Amino acid sequence: MPRFAKMDAYRHIILRTILLITAVDSYVLASRTIPISKSPDLSLTITDDDDYNLNINGRPWLFSESTFFRADGRMFSVEEGTLTLISVTNRSGVDRMGQWNSVDFLYKAGSHQMQTSVMYYIQPIYPLVLFKQKYLDDVHDASATLRDETISGFPSFQVVDKSDIGLGYLSYGGMMTGDTRRKFGKWGEVMTDYNQGITDGPLAIFDKNQTATTFVISPARAYYYYNTVPGKNYEDTMLDIVSYFPQTGIPFKYIQYDSWWYFKGLGDGVKTWVGRPDVFPHGMQWVYNKTGLPVSAHNKFWSGDTTYAKQNGGKYNFIIEGSRAVPDDQTFWDDLLKSGREWGLITYEQDWLNHEFVNVKALQTNVSLGERWLKQMGQAGIDNNVTIQYCMSNSRHILQALEIPSVTQARVSMDYHPGLEQWKIGVSSIFAHAMGIRPYKDTFWTTRYQPGNKYIGGTSEPNTELNALIATLSTGPVGPGDMIGAFNASIIMKSVNADGKILKPSKPATAIDNQIRRLAFGADFNGPSGEVYTTYSDFGGMWKFGIILAADLLAGYTITPTDAGFQQLPQFPTSRVFSHSSTSSIDIFTDDTPLVLSGCSTVAYCLHYTSPTIAMGDNTVVVVLGELDKWVPMSPQRVVWIRMDTDVSIRITGAPSEVVTFWFSLNDQVVTVKCILGPKGFATILARALKCTPE
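The model shown is predicted, which means the values in this text are computed figures rather than measured ones. (Residues numbered from 1 in each chain as written. Predicted model: local features only at pLDDT ≥ 70, side-chain atom pairs only at ≥ 80, totals over all residues. Heavy atoms only, no water.)

(A) Focus on the overall build of the protein. Counting its secondary structure elements, the protein contains 13 helices and 45 strands. In terms of principal-axis extent, the alpha carbons of the protein reach across some 75 × 70 × 45 Å. Residue burial in the protein is summarised as follows: out of 695 residues, 57% are buried. A total accessible area of about 27,600 Å² is found for the protein, and carbon and sulfur atoms account for 51% of it. Distance between charge centroids for the protein: 4 Å, based on 60 positive and 68 negative side chains. (Helix = DSSP H or I, 4+ residues; strand = E, 2+ residues; numbered from the N terminus. Buried < 20%, exposed > 50% of the residue type's maximum accessible area, 1.4 Å probe, protein only. Areas by Shrake-Rupley, 256 points an atom, 1.4 Å probe, with all protein chains shown as cover. Lys, Arg positive; Asp, Glu negative; His and termini not counted. Charge placed at Lys NZ, Arg CZ, Asp CG, Glu CD.)

What follows is the structure, encoded as structure tokens:
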């Protein structure tokens, strides 16, 4: 039976750091079923011979396979009788998730001992089972024969569907936060095509039911890219762009330097991360002083001849393997980002993460080097007040970022090319958001035709609005990458306030469950044949305003609030829904009166907003439509709070003297309130009184 054994070094590190062990007791374990949570009904069956099966809603979903470990150049396995189970112990403890119990299995493999653990929580916040493994002594030559094989098999599950209900799967893989190789299908079929190897994960297995029961297995470019203004170097090009900004009326807040500005070495890696004199003749600090704009700066993998390494005359510890190198020195990262701050660095983009990982063998054979590499980079970010963006990251890098708070964003799509479908980030954004990282879709054009870009090779972008909309709904950076004279202010300003603050929703827009089920089960499931993303703005749990986006649909699709993931609030049992392009129809939106999405292409995309129906004491019905000249009309970056008594009060914020217009429906009549924010950048709007009080 095929195995699904994905317990690698990164996953082991993450789980190990979570646990706080408080007690250990030995006992003999008979077969028993342990309830994990009631909603959904998740239970774990464990036997004294190291079998562990996962059951959901009373049915078995996953069955364990044989445990194995590699050591001393060979594989020891329970199945072959070379891995011997010595004892079973019970432990308990408490961590930030709550009180937990653990069943530990101690094995002997030759002269070595290994331990596996199945850990479950008592009254967990989330239904959760953690699997751990640990080599208890020094082990040499534990590497697998092939790069994509695991050094051990725990947990290990059979690829078979015994649930009798039909299961589907979503498998993340490749780079860009698991976006480039994501796969969907029916779980347990002979040719189940989930991702495998060091670039894969996580894996989600789910059913067809409306309850959307899901079990997740997881380890706990722009116009001027290599293109200057004709006859000018990059320094002059950057100055020309910044000088042009005031003419656009767009409040740009930072500028990005991609991979064209630093010294390259062996294998086209980074030799020295400083500005080349042919790129910045006056130096990067001089440019920063002239522009006053903070910088987001790109970096690549390190070359074998990097000037920072002690082997090449530098002063920092590096591991060098041929044309590639990896730093192993906290001081190196501290000094690198500290020097970056002098020329305006605020965001450090670590690109080519997958290349550095797969081309440096030490990162695959040393179980702690990968953790140190990313944590040292992250600690330097914290110490120097620099945020970090991951690019070309495998899933393992994103998972490790759970322990690195300076990693705030990650690319979730391939590089931008005009006219292509790089905007489809609804699935990869699910993974990024679950890890607390803001998805980034890369740059985009806001004007359709921009000739002269030699690198990208395309001169037409028909979906300018859709790209800007997706960038805003992602909650990540919004980065127009137009040529001088081509910035479309009307599109860009729909994303921001007058100060340049992005007006975003409370969470990234992500693909609805039914879209994923359709991709897994095909025509067997009535999901959308295209992209349907939803998100919302949440104001303290009482007030939620939804957003529904549909694009590239091959056929019409009917969506309910449940499908959209919008929980009905007790105080507002009904909602209203309306199109961003017209307020002529503001309809009831409930599971009994769903929204029909039709004709939703990439140019004529379908964008709808939902708002709670507010029934006042005198039978007046108020619907807050919001700031309809923005992509997100009710953004937490604009709305401070909402209150309801004799009127509906909305406190808003922005730039001092900024003009803000809010739309409302009062008894099905659409009205507007125009506000000029006060000197402190605040105002309070009364919906029924149609009044604005600036502060």
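Having put the structure on the table, let's press on.
(B) The sheet that holds strand S40 (residues 639-644), seen in detail. The strand order across the open sheet formed by 4 strands is S40-S41-S44-S45, and the pairing between neighbours is antiparallel. The sheet is open, and its two edges are formed by S40 and strand S45 (691-694), each paired on a single side. The mean inter-strand angle of the sheet, taken between neighbouring strand axes irrespective of direction, is 15 degrees. With 5 bridges connecting them, S40 and strand S41 (residues 648-653) associate as antiparallel partners. (Pairing = 2+ DSSP bridges. Axes fitted to C-alpha atoms, helices over the stretch in contact; angles between N-to-C directions.)

(C) Structural view of the nonpolar core. Of all hydrophobic cores here, the largest spans 104 residues; its most connected members are Tyr257, Trp261, Trp273, Trp302, Tyr348 and Tyr390. Dropping the residues within four chain positions of it, Tyr348 is found in contact with Trp273, Ala297, Asn299, Trp302, Trp333, Leu336, Leu337, Met377, Val386, Thr387, Ile388 and Gln389. (Core = buried A, V, L, I, M, F, W, Y, C linked by side-chain atoms within 4.5 Å. Contact = heavy atoms within 4.5 Å.)

(D) Structural detail: helix H2 (residues 234-248). The first and last C-alpha atoms of H2 sit 21 Å apart over 15 residues, in line with the 21 Å expected at 1.5 Å per residue. Within H2, burial applies to Tyr234, Glu235, Thr237, Met238, Leu239, Ile241, Val242, Tyr244, Phe245 and Thr248. Of the residues flanking the start of H2, the one acting as N-cap is Asn233, its side-chain oxygen 3.2 Å from the backbone nitrogen of Glu235. Of the residues trailing H2, Gly249 is marked for its positive phi of about 75 degrees. (Expected span 1.5 Å × (residues − 1). Polar contact = N/O pair within 3.5 Å; in protein donor to acceptor, adjacent residues only side chain to side chain.)

(E) Structural detail: the sheet that holds strand S8 (residues 74-77). The strand order S8-S7-S13 describes an open sheet built from 3 strands, whose pairing is antiparallel. Because the sheet does not close on itself, it has two edges, and the strands there are S8 and strand S13 (152-153). Note that strand S7 (residues 68-71) and S13 share 2 bridges and pair antiparallel. Within S13, the position partnered with Phe69 by the bridge is Ser152.

(F) Inspection of the packing of helix H4 (residues 330-342) against helix H7 (residues 369-383) at higher detail. Interhelical geometry of H4 versus H7 gives an angle of 40 degrees and a closest axis separation of 8 Å. Judged on the interaxial angle alone, H7 and H4 are oblique. At the point where H4 passes H7, the crossing takes the right-handed sense. Contact residues: Gln330, Trp333, Asp334 and Leu337 in H4; Trp373, Lys375, Gln376, Met377, Gln379, Ala380, Gly381 and Asp383 in H7. Per-class residue counts for the contact of H4 with H7 are 5 nonpolar, 4 polar and 3 charged. (Parallel < 35°, antiparallel > 145°, perpendicular 65-115°, else oblique. Left-handed = near helix turned anticlockwise from the far one by under 90°. Nonpolar A, V, L, I, M, F, W, Y, C, P; charged D, E, K, R; others polar.)

(G) A look at the environment of Ala401. Take Ala401: it is sitting in the loop between helix H8 (395-400) and strand S28 (407-411). A relative accessible area of 6% places Ala401 in the buried class. Sequence spacing of Ala401 and Tyr390 is 11 residues, and the spatial spacing of their C-alpha atoms is 9.3 Å.

(H) The packing of aromatic side chains, seen in detail. Scanning the entire structure with this criterion turns up 37 aromatic pairs. With 6.4 Å between their ring centres and 75 degrees between their planes, Trp302 and Trp333 make a pair best called edge-to-face. Of this pair, Trp302 sits in strand S23 (residues 302-303) while Trp333 sits in helix H4, and the two are 31 residues apart along the sequence. The exposure classification of Trp302 matches that of Trp333, with both residues buried. Taking the centre distance of 5.9 Å and the plane angle of 55 degrees together, the rings of Phe578 and Tyr609 count as tilted. Of the two residues, Phe578 is situated in strand S34 (residues 575-579) and Tyr609 in strand S37 (residues 606-612); the sequence distance between them amounts to 31 residues. With respect to burial, Phe578 and Tyr609 carry one shared label: buried. Within the aromatic cluster, the residues linked to one another by ring pairs are Trp261, Tyr262, Trp273, Trp302, Tyr308, Tyr316, Phe318, Phe332, Trp333, Trp343 and Tyr348. (Phe/Tyr/Trp six-rings, centres within 6.5 Å; stacked < 30°, edge-to-face > 60°.)

(I) Looking closely at the state of the cysteines. Under the definition given, this model contains 2 disulfides. The disulfide that involves Cys600 links it to Cys606, with 2.0 Å between the sulfurs. Torsion about the S-S bond of the Cys600 and Cys606 cystine: about -95 degrees, corresponding to left-handed handedness. The class of Cys606 is buried, set by a relative accessible area of 10%. One disulfide bridge connects Cys675 with Cys692, the sulfur atoms lying 1.9 Å from each other. Between Cys675 and Cys692 the sulfur-sulfur dihedral comes to about 125 degrees; the bridge is accordingly right-handed. One end of the pair, Cys675, is in strand S43 (residues 669-676); the other, Cys692, is in strand S45, with 17 residues separating them in the sequence. Judged by its relative accessible area of 0%, Cys675 falls in the buried class. The connectivity of the disulfide bonds within the protein can be written as 1-2, 3-4, using the sequence rank of each bonded cysteine. (Disulfide = S-S within 2.5 Å.)

(J) Local environment of the pattern of salt bridges. According to the stated counting rule, one finds 18 salt bridges in the structure shown. For Asp240, the salt bridge goes to Lys232, with nearest N and O atoms at 2.6 Å. A relative accessible area of 24% means that Asp240 is categorised as partly exposed. Among the salt bridges present, the one from Lys424 reaches Asp552, with a minimum N-O distance of 2.7 Å. Separated by 128 residues along the polypeptide, Lys424 in the loop between S28 and helix H9 (428-434) and Asp552 in the loop between strand S32 (543-551) and strand S33 (557-559) bring together distant segments of the chain. Asp552 gets classed as partly exposed once you look at its relative accessible area, which sits at 24%. Members of the salt-bridge network, linked through shared partners, are Glu371, Lys375 and Glu403. (Salt bridge = Lys/Arg side-chain N within 4 Å of Asp/Glu carboxyl O.)

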